[in-house]
Amino acid sequence: MKFGVVVFPGSNCDDDMIHVLGDVMKSEVVKVWHKDTGLPGFNTSDCIVLPGGFAYGDYLRCGALAGLSPIMSAVKDFAAKGGMVVGICNGFQVLCEAGLLPGVLLANSSQKFICKNIHLKIENNETPFTRLTSKGDVLKIPIAHAEGRYYADENILGQLEMNNQVLFRYCSPTGEVADEYNPNGASRNIAGICNEGRNVFGMMPHPERASEEILGNTDGRILFESLLNHVLESA
Amino acid sequence: MQVNDVLPDLVTAKNLGLTEDEFEKIKQILGRHPNFTELSIYAVMWSEHCSYKNSIKYLKTLPRDGKKLLVAAGEENAGLIDIGDRLACAFKIESHNHPSALEPFQGAATGVGGIHRDIFTMGARPIASLNSLRFGNIETPHMQRLIKGVVSGIGHYGNCFGVPTVGGEIFFNDCYNQNILVNAMSVGIVKHGETVSATAAKPGNLVLIVGSATGKDGIHGATFASADLTEDSAEDLPAVQVGDPFQEKLLLEASLEAIAANAVDGMQDMGAAGITCSTSEMSAKAGLGMKIDLSKVPTRQKNMHAWEILLSESQERMLVVCEPGKEKILFDIYDKWDLECEIIGEVTEGPMLEFYEGNTLVAEVPAESLVLGGGAPVYDREYTSPEYLEKIKAFKTSSIPTPDDIVQTAKKVMSSPNLVSKRWIYEQYDSMVRTNTVTTNAPSDAAVSYVKGTSKAIAMTTDCNPAYVFADPFKGTMIAVSEAARNIVCSGGEPVGVTNCLNFGNPYNPEVYWQFVHAIKGMGEACRRFETPVTGGNVSFYNQSQIGNQTIPVYPTPTIGMVGILEDASNHTTLDFKNTKDIIYLLGQTQNDLGSSEYIRSIYNVEYSNCPYFNIDDEIKLHDVIKKLIKQKIVSSVHDVSDGGMLATLLESAFVNDKGFKIDTEDNIRIDVALFGESQSRAIISMSETNEARIQELLLNNNIPFTRLGVVTDGEITVNNIDFGQITDWKKTFETKIENILEHKS
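Notes on the structure in this doc start here. (Residues numbered from 1 in each chain as written. Chains lettered and ligands numbered in written order. Predicted model: local features only at pLDDT ≥ 70, side-chain atom pairs only at ≥ 80, totals over all residues. Heavy atoms only, no water.)

### A short note on the overall build of chain B
- Each helix and strand counted, chain B has 25 helices and 26 strands in total.
- Taken against the 2.2 N^0.38 rule, which gives 27 Å for 746 residues, the C-alpha radius of gyration of chain B at 26 Å falls within 12% of a compact globule.
- Here the C-alpha coordinates of chain B stretch approximately 85 × 60 × 45 Å along the principal axes.
- Counting the 746 residues in chain B, one finds 65% classified as buried.
- Look at the contacts in chain B between residues 6 or more apart in sequence, and 84% of them connect residues 24 or more apart.
- A total of about 25400 Å² of accessible surface is found on chain B, and carbon and sulfur atoms cover 47% of it.
- Taking the average location of the 64 positive side-chain charges in chain B and that of its 96 negative ones, the two points are 4 Å from each other. (Helix = DSSP H or I, 4+ residues; strand = E, 2+ residues; numbered from the N terminus. Rg over C-alpha atoms; globule rule 2.2 N^0.38 Å. Buried < 20%, exposed > 50% of the residue type's maximum accessible area, 1.4 Å probe, protein only. Contact = heavy atoms within 4.5 Å. Areas by Shrake-Rupley, 256 points an atom, 1.4 Å probe, with all protein chains shown as cover. Lys, Arg positive; Asp, Glu negative; His and termini not counted. Charge placed at Lys NZ, Arg CZ, Asp CG, Glu CD.)

Put into structure tokens, the structure is as follows:
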């Protein structure tokens, strides 16, 4: 299994993701340039990651310009064939703007950038991205965003819930989901979702910042381990 | 030479910030009358900001050599220190005070952008930034607007650029009511042999401008920074630059790629005085000249005058020098990153800098005559001991009564904006991007970032208590250096180098200049003792406010940025109490001294009092013993005693894990002096019972005074058998005070 990390102009968590996937998880990982029009060398057991950052400076709207970049046509084709795509933070915003995931990320209710550790409750562990977790598990993972308030209309939210597409919700350290643990005002405390096909995943928190002992937090590793485990099991 | 209709006169020269003597000197250098463009070039290059004309004499007395220094101080854009493993650390701090006072968001943002460019123009990748901020009264709407603007400007730039903000400090005092201070520091890592010098290298080399197009923003910014801030300064708004962190991110990646491709022979960022400064400094450094065609410079608007292009401080630009033949590599790389890249001239034998517009020569000046260390003026100002020192001498600690209700007094002291958590601010900064920051999850006195691919970590801090420096510039600045070193040592590091940001009032005021001269002497003395050379930095004069007919200088604020190394990152030591029943010691001796404490300022409104007790030999002894304790891995936490005194230190150690403490203060010391006195060279350590005997032995062998204060508890706080309540109550005020003020919550 190979990972491709897309570098948009303004991506700034690309190196962090490559470090964790390569140096920590010991997986094969390459950079993919945003001007590329295809994904040669990748097959459906591989995974494309859209990292965090400020693609195109967040101009116009977070993720809007990146969603239209040449590589995204290739990523859509790749996803349509069943390839796995993960978007973290700005990458999640790009996936929503590109139409690969429903909904949109709005400005935080505080109108401020927020960087801190938050807690996530696992809502669905039956996906490649969460398969090694247990439903109800709580992970401590940091957020760092100004536009992380997940929003979708009631109709879409209903569908997400019905199809079990909500992966993570913001919660207390003990797993209680309530307004006071919602850092950005996200609809129904949603922190991460997947598509119906269970092969496109987006989340605002940064698991790659919580995957090394020296950083004092390894709660994020289990998500990368899940992806690797999924491919291993499917092979 | 283009002949202007009217050659500028002395009035014009003075309007540009030059003195009569300087105007005469320019005419002498050129052997003729300068035209307006040339006069503008001299005005900006000889401004305080670019020439250091009123400070360089004293800056040269600072220790500038050290065995780990890879470039001599002042030789390049930032200091460069060997950290082993064939890696080097580049670091520098710089002020952006005047722009931030006028337009806080852009002023602070471009301050961050500018200091990062100083680092990556040397080939280093920035891995961390810090900032040191000084604000006035937080209760006023004007100041709240400035605070919010500065914080969101720093966050906007750093977060988007993708470099974590890992540390900093904030101090509030009315002396900054109209003239806030915004000092930003950047720290980068570069492999040996991959550094780039700010030089024109050799004749025949091509000169390129890369990055953003040039606009009319920030013209005369350096001149503006070199004058008093007045009520009319708002009319200088065009002198404030506008930042675009997205462009800077592209410029960073493209420039490091160009350096790695071996296509760059010299590189200099464009900060103050734009093309003028970068062309003259790169030329002068190589003893050469340049021939530049300004019509080749990509501009944002048509019909810009030559002097506007020369002086524009548009952000996110670099001047690159390369050997002929390598330009194709540069074009390809900057095109890949969608950035401008144009050849605008070539390096000549010199000594002249020749600026053309097409075929018309619009300015011609000797490069050497413009720069610091060359023809730029050097002044030695007169200074006199300030009158206010008499009031400081008159203060006696014994004049302060011991409060009746120590608990209520403590609550009031600890709710001072200077002592409470700055969480509302630092949560708006991304502290974790690049995944090097150890201290987000494991706080210590200094910020610590590990260096990937090695076992090392870098410790970083900025420090200066300006109230101490006001009371005694010499001793106060020694304390600033000592506190910085103490923070690094308490975190498990070895201090290796200093960068300074010298924020003072008007140098033509003899009392201000006295403060400056004595601060530099104190800094030199302390840096020599800690063997931490001063690798560079910046001077910001003219920080003062005009209130009615009175001009009030800010407190002298020589901010110290210090970098240290942890050879073994596992020696990182945190400040938090970890286990109930762990034993708490105070290292060092509390003196009977309340001078310059937050306590007497916040409770008794004392404005003039002595600088706290300080003895550098005690300080060095303390550092040595802390290093030993950490190396033997027998302490659970180390936290230095600084602003707010011992109670502030104990509370900060307790907050992290919601622990409390039961202590008895030292015998023969008043309880308020013990809890709030800020006498120096002290630290609080905690340890498990099993390690106590070994620690005691080590302390006794090293002849360090210490006191067994008590033990860590589950959350209740008791001092001398007085009930101080629960840690969670103290924590609530600590964490929400700033937020409540700025967001008008009660």
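### Some thoughts on the interface of chain B and chain A
- Between chain B and chain A, the residue contacts involve 31 residues of the former and 29 residues of the latter.
- Taken together, the two surfaces of chain B and chain A that pack against each other cover about 2500 Å², and 58% of this comes from carbon and sulfur.
- Seen at the junction of chain B and chain A, the total is 4 salt bridges.
- Of the charged contacts, one joins Arg434 of chain B and Asp15 of chain A as a salt bridge, the two residues approaching to 3.6 Å between their closest N and O atoms.
- Linking chain B with chain A are 13 residue pairs in polar contact (both at pLDDT 80 or more), by the criterion used here.
- Broken down by secondary-structure element, the contributors of at least two residues to the side of chain B that touches chain A are α8 (141-161), α10 (245-260) and α13 (327-336) of chain B.
- In terms of residue class, the side of chain B that touches chain A is built from 12 nonpolar, 8 polar and 11 charged. (Buried area = accessible area lost by both parts, 1.4 Å probe. Salt bridge = Lys/Arg side-chain N within 4 Å of Asp/Glu carboxyl O. Polar contact = N/O pair within 3.5 Å; in protein donor to acceptor, adjacent residues only side chain to side chain. Nonpolar A, V, L, I, M, F, W, Y, C, P; charged D, E, K, R; others polar.)

### Points about the pattern of salt bridges
- Summed over all chains, the structure comprises 45 salt bridges over all chains.
- With a shortest N-O distance of 2.6 Å, Arg117 of chain B and Glu248 of chain B are connected by a salt bridge. With Arg117 of chain B in helix α7 (residues 104-120) and Glu248 of chain B in helix α10, this residue pair connects regions lying 131 residues apart in the sequence. You'll find Arg117 of chain B and Glu248 of chain B in the same group, each marked buried.
- For the salt bridge of Asp672 of chain B with Arg670 of chain B, the shortest nitrogen-to-oxygen distance reads 2.7 Å.
- On the basis of relative accessibility, which here comes to 0%, the residue Asp672 of chain B falls in the buried class.
- The network of salt bridges with common partners includes Glu123, Glu154, Glu161, Arg169 and Arg188 of chain A.

### Some points on the sheet that holds strand β1 (residues 79-84) of chain B
All names here are of chain B.
- Spatially, 5 strands are ordered β1-β2-β5-β3-β4 in an open sheet, and the strand pairing comes out mixed. Bordering the open sheet on either side are β1 and β4 (165-172), each of which pairs with just one other strand. Geometrically, the sheet is characterised by an average inter-axis angle of 20 degrees between neighbouring strands, direction not taken into account.
- Alignment of strand β3 (residues 125-135) against strand β5 (residues 181-191), held across 9 bridges, turns out to be antiparallel. (Pairing = 2+ DSSP bridges. Axes fitted to C-alpha atoms, helices over the stretch in contact; angles between N-to-C directions.)

### Observations regarding the packing of helix α22 (residues 646-655) of chain B against helix α25 (residues 727-742) of chain B
All names here are of chain B.
- The N-to-C vectors of α22 and α25 enclose an angle of 100 degrees; their axes lie 10 Å apart at closest approach. Accordingly, the angle class assigned to the pair α22 and α25 is roughly perpendicular. Contacts between α22 and α25 involve Leu651, Glu652, Ala654 and Phe655 on the former and, on the latter, Ile727, Trp730, Lys731 and Phe734.
- Residues of the contact of α22 with α25, tallied by class, amount to 6 nonpolar, no polar and 2 charged. (Parallel < 35°, antiparallel > 145°, perpendicular 65-115°, else oblique.)

### Thoughts on the sheet that holds strand β3 (residues 47-50) of chain A
Residue and element names in this part refer to chain A.
- Spatially, the 9 strands line up as an open sheet ordered β2-β1-β3-β4-β11-β10-β9-β6-β7, and their pairing is mixed. In this open sheet, the two edge strands, each paired with only one partner strand, are β2 (28-33) and β7 (138-145). Across this sheet, the average inter-strand angle for adjacent strands is 25 degrees, counted without regard to direction.
- In this structure, strand β1 (residues 2-7) lies alongside β2, joined through 6 bridges in parallel fashion. Its bridge partner lying in β2, Lys2 is registered against Glu28.

### Section: the pairing of β7 of chain A
Residues and elements named next belong to chain A.
- For β7, the buried fraction is high: 6 of the 8 residues fall into the buried class.
- Here strand β6 (residues 114-122) runs beside β7; their pairing, made up of 8 bridges, is antiparallel. Residue pairing for β7: Ile114 is matched across the bridge by His145.

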